Amino acid sequence: KGFAVYDRKMDCFRNVSTGKMDVTGIAEASEEGMMLIAAGGSLRFFNREKWSWNDNGAPYQSEKFGATIMHCSGSYIWIGTSNEGLFCYSRSTGELKRISSFKVNRSIQCMISEDAEHLWIATEGEGLFLFNHHTGSSRRFQQSGNDAEGINSNYVRALNKDLYGRLWVGTVDGLNILEDGHF
């Protein structure tokens, strides 16, 4: 198991072994060639220029930490986990912090930026959240009985913003579209 990097000069993929770790996220951590890799319960650095692991100062290692999704937005890498909530890695300072103001008990499935301040966060069983990372506040969208104005399931799996600014929300029970503040 591991991940592969395409080598343009050789016109092939080069396999990078991670041992027996399951890779769940990859993001560019710096302009100096460092990649942040979520694998096997930890976050690790890989130097793509030197083609080597650089685990000195690895930001987080825990058997319980299971990154499910990584989303890059400006100078931040947002990391959703299966059981420890939301984290933010600053590309400029190298600091990783848990976002204590955002609490979920289930897995974060998907994230997408709304704008410079807001992040849509899809969860497995707790619905959809619009999180303001400047204030730490969030608004929750959940299935509510037969409410035609809400999402059709709390098990949200996919998010996309289209050219018209609509948010497409894929759940285990179908598709929802948020337009002008209404589903």
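The coordinates are above.
Figured I'd write up the structure that's included with this text. (Residues numbered from 1 in each chain as written. Predicted model: local features only at pLDDT ≥ 70, side-chain atom pairs only at ≥ 80, totals over all residues. Heavy atoms only, no water.)

### A short note on the side chain of Ser 153
Next up, step 1: On the secondary structure map, Ser 153 appears in the loop between strand 15 (138-141) and strand 16 (156-161).
Next up, step 2: Here Ser 153 falls in the buried class, since its relative accessible area comes to 3%.
Next up, step 3: At a separation of 3.0 Å, a polar atom in the side chain of Ser 153 contacts the main-chain amide nitrogen of Tyr 155.
Next up, step 4: For Ser 153, the residues in contact, after removing those within four places along its chain, are Gln 143, Thr 171, Val 172 and Asp 173. (Helix = DSSP H or I, 4+ residues; strand = E, 2+ residues; numbered from the N terminus. Buried < 20%, exposed > 50% of the residue type's maximum accessible area, 1.4 Å probe, protein only. Polar contact = N/O pair within 3.5 Å; in protein donor to acceptor, adjacent residues only side chain to side chain. Contact = heavy atoms within 4.5 Å.)

### Some remarks on the environment of Glu 126
Next up, step 1: Tracing the sequence through the fold places Glu 126 in the loop between strand 13 (118-123) and strand 14 (128-132).
Next up, step 2: Residues within four places of Glu 126 in sequence aside, it is in contact with Val 104, Asn 105, Arg 106, Arg 140, Gln 142 and Asn 154.
Next up, step 3: In terms of polar contacts, Glu 126 uses its side chain to reach the backbone amide nitrogen of Arg 106, at 2.9 Å.

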